[in-house]
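Chain and residue survey
So the chains spell out like this:
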2 protein chains.
Amino acid sequence: MQSLIDIQKRLLPDLLQVLHKRYSILRHIGFMQPVGRRSLASNLGYTERVLRSEVDFLKEQNLVSINNIGMSLTSEGKNLLEDLEGLIRELIGIDVMELELKHRLKIRKVIIVPGNSDESLMVKEDLGKACAFCMKKYLTGKNIIAVTGGSTMAAVANVLTPEIGKKELLFVPARGGIGEDVQNQANTISSIMSKKTNSKHRVFYVPDQVSNEIYQSLIKEPEIHEVLNLIKSASMVLHGIGDAITMAERRNSKPEIMQKLVTNGAVGEAFGYYFNEKGEIVHKVLTIGLQLEDLAQIPNVIAVAGGTSKAKAIKAYMKKAPASTILITDEGAARMLLKG
Amino acid sequence: MQSLIDIQKRLLPDLLQVLHKRYSILRHIGFMQPVGRRSLASNLGYTERVLRSEVDFLKEQNLVSINNIGMSLTSEGKNLLEDLEGLIRELIGIDVMELELKHRLKIRKVIIVPGNSDESLMVKEDLGKACAFCMKKYLTGKNIIAVTGGSTMAAVANVLTPEIGKKELLFVPARGGIGEDVQNQANTISSIMSKKTNSKHRVFYVPDQVSNEIYQSLIKEPEIHEVLNLIKSASMVLHGIGDAITMAERRNSKPEIMQKLVTNGAVGEAFGYYFNEKGEIVHKVLTIGLQLEDLAQIPNVIAVAGGTSKAKAIKAYMKKAPASTILITDEGAARMLLKG
DNA sequence: ATGGAGTGGGACATAATTTGTCTATGGTGG
DNA sequence: CCACCATAGACAAATTATGTCCCACTCCAT
């Protein structure tokens, strides 16, 4: 059943939209009948003419009847509407969630894949695929793509294809090496991504914590300076979002920092920034590279994070996320986000 | 509660049409790949530009890939196509048509493939595939299979696989060579079938029209006698159904015979028998081999014929066909049959 | 090597459709 | 009777789909 709709969605991407549109028109007519076109249009937020075309169609299908007093459902229309109720809920559940989340989080777009990546590795792969699809959509011509580390980003890297690399791509790590295991470091991931897409990448390894003097001298290194420029002019950023404590542990943070995070109620992490539930920055890993405030300048910011366990972290980070952010998440996280 | 598809038929008939269009494009690409836009367009009956828009869409969806040699399905496209088959069948209402036809024609089973073999060679191949599938289903242990000639049977022969030949098969021509071009003669076809399935076959060449004396002496030839016995003990017969006049022409029938057929209103042909609309035999090519009355003794009789143009012929023949007949036809013929 | 027939992609004028907006006309209810 | 809301008609403007070229390129058979 779900698969049936999925198959159709592939060939008719706007199938659900149209279905939903016609459904909501039917529903409104059922509710307000007999009702005139104008009041219905303003109620539904469509212009009069658009609504009229749809209504003409529905009339053609014998689902609504029109007379001089207004529009009403026929008995056929009433029956169909009842059958639809249940279906719609199931079918467009995810689409509704996407829209709702987009509004709540005040970001550009939300993409939800079914399932829960906490429970199934497959779902994590699906997150990756969704991300790849999204990248393909927004990449145009030459592109510099800045990426961060993390297991989710690693999953993304694994599903990239040369297809995506047909455009001219250059992958760079978004920030200096933040001490995770090599497998999930930004450097490693950007290199895998470039390999998978047959494109180029730059490495960018700088020590995690630097004093100001060292920072100043590092920045003058032409090599580093160049990469920094690349990063700041990126047209796309891919990043994960992590649970604060988990991330801190994974980075082997010092006890005093752990303490600081706990007392300040850190729940989320992204780019080496730690956020509390209000979205305030409570700690920051000092390193060279993309800074949070740089994000606003970047046209496409794609955040990928899924799993019920990450809902809090996502919520926290999204309070500071730029409005141009696209969130790719899963059903588990989405439901949790909508609950809270 | 109606099924999802029924609801969609009601609420989205326009989209379903598009679905069907895109499906048929995918199917044609799958069949003809790699194929160019122009030849595909003329094949499908669309203008170049329309096809192009659709193909652009399919490419966008990652279902077809385009390179300088032509268009092909991606693996995703291939998968989707397979998944679609069932959906489309339901959409067109093929299952319903199959049942209805089975009852109307009073035969054992009807199998319908989508499309119209008058318009597309592909559909003829699909007929063949459906036949192969059906054969596989009804063959058990040792089998003698009697086959007739015709372009449809040739199409069947072409799609047989060694898979089917895992059972012990012996192909024989059902009747003496009825003078068509060698390509479509029963002898040729049974030989191709045996080759394709890695099994055995017997040739059976006797002149078309024989006098009684010659018949008697021929029948005593041990070689011919043996083959005749094989034919009569066949466990399966595969045969085509032809348009009467077309067949007569193809056989270079004498003018007086043509005249006879026309005046008696012959419309269908099978096994060298010509039928009028009432199913009465109006002429018979005199030759040795399987006779119409022998069919009743044969457990599995599979008739394969498709295309709008053959509807009349099918209808005519089916009035005389044994009840054990399985008809494999296409949407074009089926619709026409149901209309009349 | 070479010409021809195939390929995809670009371009563009034109046709067709969708859309926004306004008007005419006619019932309905107070 | 009049104000109000209803549908249907109309139509220009905007948008999209369509038919038709042409071009450069790549095979393949000669």
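This is a predicted model, so every value here is computed, not measured.

1. Structural notes on the protein's contact with DNA strand D
Neighbouring residues of DNA strand D: 20 residues in total, closest R37(A), R52(A), R38(B), T47(B) and R49(B). Backbone sugar and phosphate groups make up 50% of those atoms of DNA strand D lying within 4 Å of the protein. Here a phosphate oxygen of DNA strand D sits 3.0 Å away from a polar atom, N or O, in the main chain of G36(A). A distance of 3.2 Å separates a base oxygen of DNA strand D from a polar side-chain atom of R49(B). Sorting the residues of the surface near DNA strand D by element identifies helix 3 (37-44), helix 4 (48-60), strand 1 (64-67) and strand 2 (70-73) of chain A together with helix 4 (48-60) of chain B as the ones contributing at least two each. Looking at the surface near DNA strand D residue by residue, the classes come out as five nonpolar, seven polar and eight charged.

2. With respect to the UniProt feature "domain: CggR N-terminal DNA binding" (unreviewed entry) in chain A
Look at the UniProt record and you will see "domain: CggR N-terminal DNA binding" (unreviewed entry) annotated at residues 18-87 of chain A. Measuring from the first to the last C-alpha atom of residues 18-87 of chain A gives 14 Å, for a span that is 70% helix and 11% strand.

3. Looking at the domain arrangement of chain A
By convention, interface size is frequently given as the accessible area that disappears when the constituent parts associate. We note that the domain assignment places domain 1 (4-91) and domain 2 (94-339) within chain A. Taking only C-alpha atoms, the centre of domain 1 of chain A and the centre of domain 2 of chain A are 41 Å apart.

4. Describing the environment of V64(A)
All names here are of chain A. Here V64 lies in strand 1. In the structure, V64 is positioned 25 residues away from S39 in sequence and 16 Å away in space, judged by C-alpha atoms. Setting aside residues up to four positions removed in sequence, V64 forms contacts with L26, I29, V55, L58, K59, S72, L73 and T74.

5. Concerning the protein's contact with DNA strand C
Not every one of the 20 residues close to DNA strand C is listed here, only the nearest: T47(A), R49(A), G36(B), R37(B) and R52(B). Within 4 Å of the protein, the contacting atoms of DNA strand C are 50% sugar and phosphate, with bases supplying the remainder. Take R49(A): an N or O atom from its side chain is 3.3 Å from a base oxygen of DNA strand C. For DNA strand C, a phosphate oxygen lies 2.6 Å from a polar atom in the backbone of G36(B). Secondary-structure elements contributing two or more residues to the surface near DNA strand C are helix 4 of chain A together with helix 3 (37-44), helix 4, strand 1 (64-67) and strand 2 (70-73) of chain B. Taken together, the residues of the surface near DNA strand C break down into five nonpolar, seven polar and eight charged.

6. So, the interface of chain B and chain A
If you look at the interface, chain B gives 30 residues, while chain A gives 26 residues. Run the count over chain B and chain A and you get three salt bridges. A salt bridge links E76(B) to R10(A), with the shortest nitrogen-to-oxygen separation between them at 2.6 Å. Across the contact surface, chain B and chain A share eight residue pairs in polar contact (both at pLDDT 80 or more). Among the elements of the structure, helix 1 (4-11), helix 2 (13-32), helix 4 and helix 5 (75-92) of chain B are those that each provide at least two residues to the side of chain B that touches chain A. Here the side of chain B that touches chain A gets nine residues from one element, more than from any other, and that element is helix 2 of chain B.

7. Considerations on helix 8 (residues 151-159) of chain A
Residue and element names in this part refer to chain A. Of all nine residues in helix 8, seven are buried, a share of seventy percent or more. All buried positions along helix 8 are accounted for by T152, M153, A154, A155, V156, A157 and V159. Summarising the contacts, the buried residues of helix 8 are in contact with helix 7 (121-138), helix 9 (186-196), strand 7 (236-240) and strand 12 (300-304).

8. Quick notes on the layout of surface pockets
The gaps left among the atoms become clear once a water-sized probe is rolled over them. Residue and element names in this part refer to chain B. Here the second largest pocket defines a volume of roughly 690 Å³. If you trace the second largest pocket, you find 31 residues lining it, with E85, V113, D126, K129 and A130 closest to the centre. Mapped onto the lining of the second largest pocket, the elements with two or more residues apiece are helix 2, helix 5, strand 3 (109-113) and helix 7 (121-138). Per element, the largest residue contribution to the lining of the second largest pocket is 10 residues, and it comes from helix 7. The residue inventory of the lining of the second largest pocket, partitioned by class, reads 16 nonpolar, three polar and 12 charged. In terms of domain composition, the lining of the second largest pocket takes at least three residues from each of domain 1 (4-91) and domain 2 (94-339).

9. Quick look at the sheet that holds strand 4 (residues 143-147) of chain B
Residues and elements named next belong to chain B. Sheet architecture is open: seven strands sit in the order 3-13-12-7-4-5-6, paired in parallel fashion. The open sheet has two free edges, formed respectively by strand 3 and strand 6 (200-201), since each of these has just one partner strand. Of the strand pairs in this sheet, strand 3 and strand 13 (residues 325-330) are connected by five bridges, and their pairing is parallel. Paired with V110 across the bridge in strand 13 is L327. In this fold helix 14 (residues 311-318) packs onto strand 7 (236-240), strand 12 (300-304) and strand 13, with an angle of close to 170° to the strand it touches most, strand 13.

10. Observations concerning the environment of L26(B)
Mapped onto the fold, L26(B) is located in helix 2. Of the residues examined, L26(B) reaches a relative accessible area of 0% and is grouped as buried. For the pair L26(B) and T246(B), spaced 220 residues apart in the sequence, the C-alpha separation amounts to 33 Å. Once residues lying within four places of it in the same chain are set aside, the contact partners of L26(B) are L11(A), L58(B), L63(B), V64(B), L73(B), L80(B), L81(B) and L84(B).

11. Brief notes about the packing of aromatic side chains
To describe a pair of aromatic rings, one takes the distance between the centres and the angle between the planes. All names here are of chain A. With the rule as written, the count across this model stands at four aromatic pairs over all chains. Here the aromatic residues F271, F275 and Y317 are joined through ring pairs into a cluster of three or more. The ring of F57 carries R22 above its face, with NZ or CZ at 4.0 Å from the centroid.

How each quantity is defined
Residues numbered from 1 in each chain as written. Chains lettered and ligands numbered in written order. Predicted model: local features only at pLDDT ≥ 70, side-chain atom pairs only at ≥ 80, totals over all residues. Heavy atoms only, no water. Near = heavy atom within 4 Å. Polar contact = N/O pair within 3.5 Å; in protein donor to acceptor, adjacent residues only side chain to side chain. Helix = DSSP H or I, 4+ residues; strand = E, 2+ residues; numbered from the N terminus. Nonpolar A, V, L, I, M, F, W, Y, C, P; charged D, E, K, R; others polar. UniProt positions renumbered as here; feature names shortened; annotations may be inferred. Domains from an automatic or database assignment. Contact = heavy atoms within 4.5 Å. Salt bridge = Lys/Arg side-chain N within 4 Å of Asp/Glu carboxyl O. Buried < 20%, exposed > 50% of the residue type's maximum accessible area, 1.4 Å probe, protein only. 1 Å grid on protein atoms, 1.4 Å probe; cavity = no way out; pocket = protein on both sides within 12 Å on 5 of 7 lines; lining within 4 Å. Points joined across faces, edges and corners; volume = space filled by probe spheres on them. Pairing = 2+ DSSP bridges. Axes fitted to C-alpha atoms, helices over the stretch in contact; angles between N-to-C directions. Phe/Tyr/Trp six-rings, centres within 6.5 Å; stacked < 30°, edge-to-face > 60°. Lys NZ or Arg CZ within 6 Å of the ring centre and 35° of its normal.

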